[in-house]
Amino acid sequence: MSNNSSSRRQQKKDKKRNIKENEQPKLPEYPDLVLSNFPKSEGETIKLKDGRLLGFIEYPIQHVPKQETLHKDMRERVILFIPGLPGSRFYCHPKVLTQIRENQQNHNNNNNNNNNNNNNVIRIRFFVLERPGIGLSTFAKRGFLDFADDVKEFCSVKGIREFTIMAYSAGGPYGLALAHALGSCEDIEGGALLKPLVTRVAIISGISPYNTPHATDRMPWKFKLAWWLTKHSPFLLAVVGRLEARSAVRDPVAVLRAGVLEGPPADREIYENMPGVEHMCIESMLEQYSRSQFTEECHQYSLWGKDWGFRLEDIGKPKNKNHISSSDGVKCKIWQGEEDIGTTAQMGRYLADHIPGCESCFVEEKGHLLYFEVWEEIVDWLIQ
């Protein structure tokens, strides 16, 4: 009797386990995204004056704006993209990769791209830059404004005289540092006006300064803890970050999906159903972690809890008192999902409220992955 009862109980347990396993969606497999295929050699570097390398990839694309641009004579634009973390030179946008593949296929088949005959088409040099210690870039304990110096040198080497910035998530403070350092007009000898090197900066789901009121109110407890550690214990944050990174390397699909499940439904919809998003996120992460760049990533986290080295209120202001108008300075715009639990809507509002003349777009029911949905809208704004 006892044996029969034990057998029935075991059968019930097995049945429940089978039902639970069947309810779990089968995770996708990416045969090319295995650790043995990383790190990758694709990409370029420039050598900076101090001997460090700055890694990047240039993605040449075409874009047909939805509205007429202000500068019709400029048929080529430069956009520098600063991704979040983990985020290497492979983190761009699936539409960028799709267009490049299609252009290559058309070239191989000797087909002319229809856009070549479109008078409204804008050629875009889309650069994805790697910050110090990420990917091909040499590590150095550099602050946000130091990176602006690196980018200025990068532009000099590449012959770039004017550009716009797209900065996402943890890349946000770096984008704002560029706006501050390179986005102001300056009077030079003879009364001439030196226009800013960077003309427009788009911040998507960006980090705000540590003193932002109520910044963590809508964060899960572990995000609140991580935010607190950036200021009070960067060492402990580095320990936790290293453990999480190693877990992600062992099973990147499961770990990244578990992270997305903590966000709103809109994030899950994008991650699971927008072709190319998951593959790109995993590729970018493995490129960074296969180089054991854990300490380098945590150094960037520690910068969030420190003084940024500049005031948001000074962005776009002229460098010389003689030039009293700031209307020719850099223009900034914030894109932010209202349901973002990582970089919260309160962070976006703080940025929008403190940057002079800043535009903003807060989207209801959207989360941290808003970037993937509004990418074309951002490009339209940047090339105006």
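Data block above holds the structure.
Quantities reported herein were computed from a predicted structural model and do not represent experimental measurements.

**Remarks on the overall build of the protein chain**
In terms of helices and strands, the protein chain carries 12 helices and 10 strands. Across the 384 residues of the protein chain, 48% fall into the buried class. Looking at the protein chain as shown, the accessible area adds up to about 19700 Å², and 48% of this sits on carbon and sulfur atoms.

**A word on helix 6 (residues 234–250)**
For helix 6, built from 17 residues, the straight-helix expectation of 24 Å at 1.5 Å per residue is met to within 8% by its first-to-last C-alpha distance of 24 Å. Taken together, the buried positions of helix 6 are occupied by Leu237, Ala245, Ala248 and Val249. Angular distribution of buried residues about the axis of helix 6 spans 100°; they occupy a single face of the element. What points out from helix 6, more than 90 degrees from its buried face, is the exposed set Phe235, Leu243 and Arg250. Where helix 6 is buried, its residues touch helix 5 (221–232), helix 7 (252–261), helix 9 (277–289) and helix 10 (294–304).

**Brief notes about the sheet that holds strand 1 (residues 44–47)**
With mixed pairing, the eight strands of this open sheet are ordered in space as 1-2-4-3-5-8-9-10. Two strands bound the open sheet, and with one partner strand each, they are strand 1 and strand 10 (359–363). Across this sheet, the average inter-strand angle for adjacent strands is 25°, counted without regard to direction. Here strand 3 (residues 76–82) runs beside strand 4 (residues 122–129); their pairing, made up of six bridges, is parallel. For Phe81, the partnering residue across the bridge sits in strand 4 and is Val128. Contacts from helix 3 (residues 144–158) reach strand 1, strand 2 (53–63), strand 3, strand 4 and strand 5 (163–168), with the element oriented near 135° to strand 4. Across the sheet, helix 4 (residues 172–182) touches strand 3, strand 5, strand 8 (198–204) and strand 9 (331–337), and the angle it forms with strand 8 is around 160°.

**Observations concerning the pairing of strand 10**
Strand direction decides the pairing type here: strand 9 and strand 10, joined by five bridges, are parallel. Counted as the bridge partner of Gly337 is Val363 from strand 10. In this region the chain leaves strand 9, passes through helix 11 (residues 345–354) and returns to the parallel neighbour strand 10; the handedness of that crossover is right-handed.

**Considering the layout of surface pockets**
The gaps left among the atoms become clear once a water-sized probe is rolled over them. In this structure, the largest pocket encloses a volume near 1500 Å³. Together, 46 residues line the largest pocket, and Leu85, Pro86, Phe223, Glu244 and Tyr301 are the ones closest to its centre. The set of elements that each furnish at least two residues to the lining of the largest pocket consists of helix 5, helix 6, helix 7, helix 8 (265–273), helix 9 and helix 10. If one sorts the elements of the lining of the largest pocket by residue count, helix 5 sits on top with eight residues. A class-by-class count of the residues in the lining of the largest pocket yields 30 nonpolar, 10 polar and six charged.

**Some details on the nonpolar core**
Core analysis: the biggest nonpolar cluster contains 56 residues, and Leu80, Phe154 and Phe163 have the highest contact counts within it. The element that contributes the greatest number of residues to this core is helix 4, accounting for seven residues. Once residues within four sequence positions are removed from consideration, Phe163 is found in contact with Val78, Leu80, Val151, Cys155, Leu182, Leu197, Val198, Thr199 and Arg200.

**Digging into the packing of aromatic side chains**
Per the stated rule, a full pass over the model turns up 19 aromatic pairs. Ring geometry for Phe126 and Trp375: centres 5.9 Å apart, planes at 70°, overall edge-to-face. Residue Phe126 is located in strand 4, and its partner Trp375 is located in helix 12 (residues 370–382); the two are separated by 249 residues in the primary sequence. Accessibility assignment for this pair places Phe126 and Trp375 in one class, buried. Ring geometry for Phe144 and Trp308: centres 5.4 Å apart, planes at 75°, overall edge-to-face. You can see Phe144 sitting in helix 3 and its partner Trp308 sitting in the loop between helix 10 and strand 9, a full 164 residues away along the chain. Accessibility assignment for this pair places Phe144 and Trp308 in one class, buried. Chaining the aromatic ring pairs together yields one cluster made of Phe81, Tyr91, Phe126, Tyr168, Tyr371, Phe372 and Trp375.

**Comments concerning a nonpolar patch on the surface**
Residues Phe235, Leu236, Val239, Val240 and Leu243 make up a contiguous nonpolar surface patch of roughly 470 Å² in combined accessible area. Here Phe235 shows up in helix 6.

So, how was this worked out
- Residues numbered from 1 in each chain as written.
- Predicted model: local features only at pLDDT ≥ 70, side-chain atom pairs only at ≥ 80, totals over all residues.
- Heavy atoms only, no water.
- Helix = DSSP H or I, 4+ residues; strand = E, 2+ residues; numbered from the N terminus.
- Buried < 20%, exposed > 50% of the residue type's maximum accessible area, 1.4 Å probe, protein only.
- Areas by Shrake-Rupley, 256 points an atom, 1.4 Å probe, with all protein chains shown as cover.
- Expected span 1.5 Å × (residues − 1).
- Arc of directions from axis to C-beta.
- Contact = heavy atoms within 4.5 Å.
- Pairing = 2+ DSSP bridges.
- Axes fitted to C-alpha atoms, helices over the stretch in contact; angles between N-to-C directions.
- Right-handed = clockwise from strand over helix to strand, strands pointing away.
- 1 Å grid on protein atoms, 1.4 Å probe; cavity = no way out; pocket = protein on both sides within 12 Å on 5 of 7 lines; lining within 4 Å.
- Points joined across faces, edges and corners; volume = space filled by probe spheres on them.
- Nonpolar A, V, L, I, M, F, W, Y, C, P; charged D, E, K, R; others polar.
- Core = buried A, V, L, I, M, F, W, Y, C linked by side-chain atoms within 4.5 Å.
- Phe/Tyr/Trp six-rings, centres within 6.5 Å; stacked < 30°, edge-to-face > 60°.
- Patch = residues over 30% accessible without salt bridge, like charges linked within 9 Å, V, L, I, M, F, W, Y side chains within 5 Å.
- Salt bridge = Lys/Arg side-chain N within 4 Å of Asp/Glu carboxyl O.

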